[in-house]
Amino acid sequence: MLEQLRKDNPLIICITNDVVKNFTANGLLALGASPAMATEKLEMKEFLTHAGALLINIGSIEEEKIDNMMTAAQFANELDVPIILDPVACGASKFRKDFCLKLLEENEIAVIRGNASELQSLVGEANMKGTDADTSLSTESVARNAYERFNCAIVVTGEVDAICVDGKINLVENGTALLTKVTGGGCLLGAVIASFIYNESKPTLELLTEAMTTYTVASELAEKAPNGTLPGHFAVNLIDQLYLIQESDVAKNRLVKEV
């Protein structure tokens, strides 16, 4: 799929966190996708007509942005453009959680991607300090519970990542803790997933696993690159490795367990 993605250069609309727009756009360009950070509802249908996927990341959500996000989701559903929801820090405030639940109730979402605390917050209650995740939560259990609640593909990130589609789960053991030491490590992942599932409103477990392992293997290679254990160098190295990574690198290094 990576080679096909690079050939097709899909347009990915990213309504995302103000802090990570540049990092996300550069990451998608390196991977082979075409990012557009469009947010205005008055032009959204025109953009989505040509788009492969829509990412809605609520990291910088404000009341005046809600209508744009909801309108974008409605147009995406109308045009059969898959939506990826990243419910950033949705357990930190009622405002964030209520918006995510409303978006999920009123629209078809292809994938929800978040850390364990974020997904646990959507299905029940979880304590969050900002975007921090509770590392004691089982990503596998959270993924299964979220799938049962929302009936869409779920990607839960943590020390071990869990992907749930149609009740089946893959665990991915690739990755590095350095992804938590730079702003946008998780946000970029949401955009990478969007790039892999372009035009796929019902992405398969295999497709999401390829997206996840491509990103996490790239992060491991970034850590091994010169000065890669330093957060600033790691962030740059990650962009480079998304540009350099090949399907053979992923096949050689991926650590995936079916459960």
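Look up: the structure comes first, before these words.
Bear in mind the structure is a predicted one, so any value in this text is a computation, not a measurement.

Draft legend 1. Structural detail: the overall build of the chain. Per the secondary structure count, the chain includes 11 helices and nine strands. Computed over C-alpha atoms, the radius of gyration of the chain comes to 17 Å, within 12% of the 18 Å expected from 2.2 N^0.38 for 259 residues, which places it in the range of a compact globule. When the backbone C-alpha atoms are referred to their principal axes, the chain occupies close to 45 × 40 × 35 Å. Across the chain, the fraction of contacts at a sequence separation of at least 24, relative to all contacts at a separation of at least 6, is 70%. For the chain, the computed accessible surface area is about 11,400 Å², with 47% contributed by carbon and sulfur atoms.

Draft legend 2. Spatial organisation of helix 6 (residues 116-123). The element helix 6 is largely enclosed, with a buried count of seven among its eight residues. Among the residues of helix 6, those classed as buried are A116, S117, E118, L119, Q120, S121 and L122. Structurally, the start of helix 6 carries an N-cap: the backbone nitrogen of S117 is 3.1 Å from a side-chain oxygen of N115.

Draft legend 3. Up close: the pattern of salt bridges. One pass over the structure, following the stated rule, counts eight salt bridges. Between R113 and D86 there is a salt bridge, and its shortest N-O distance comes to 3.2 Å. Within this pair, whereas R113 is found in strand 5 (residues 111-115), its partner D86 is found in strand 4 (residues 83-86), the two being separated by 27 residues in sequence. Each of the two residues, R113 as well as D86, counts as buried.

Rules and cut-offs
- Residues numbered from 1 in each chain as written.
- Predicted model: local features only at pLDDT ≥ 70, side-chain atom pairs only at ≥ 80, totals over all residues.
- Heavy atoms only, no water.
- Helix = DSSP H or I, 4+ residues; strand = E, 2+ residues; numbered from the N terminus.
- Rg over C-alpha atoms; globule rule 2.2 N^0.38 Å.
- Contact = heavy atoms within 4.5 Å.
- Areas by Shrake-Rupley, 256 points an atom, 1.4 Å probe, with all protein chains shown as cover.
- Buried < 20%, exposed > 50% of the residue type's maximum accessible area, 1.4 Å probe, protein only.
- Polar contact = N/O pair within 3.5 Å; in protein donor to acceptor, adjacent residues only side chain to side chain.
- Salt bridge = Lys/Arg side-chain N within 4 Å of Asp/Glu carboxyl O.

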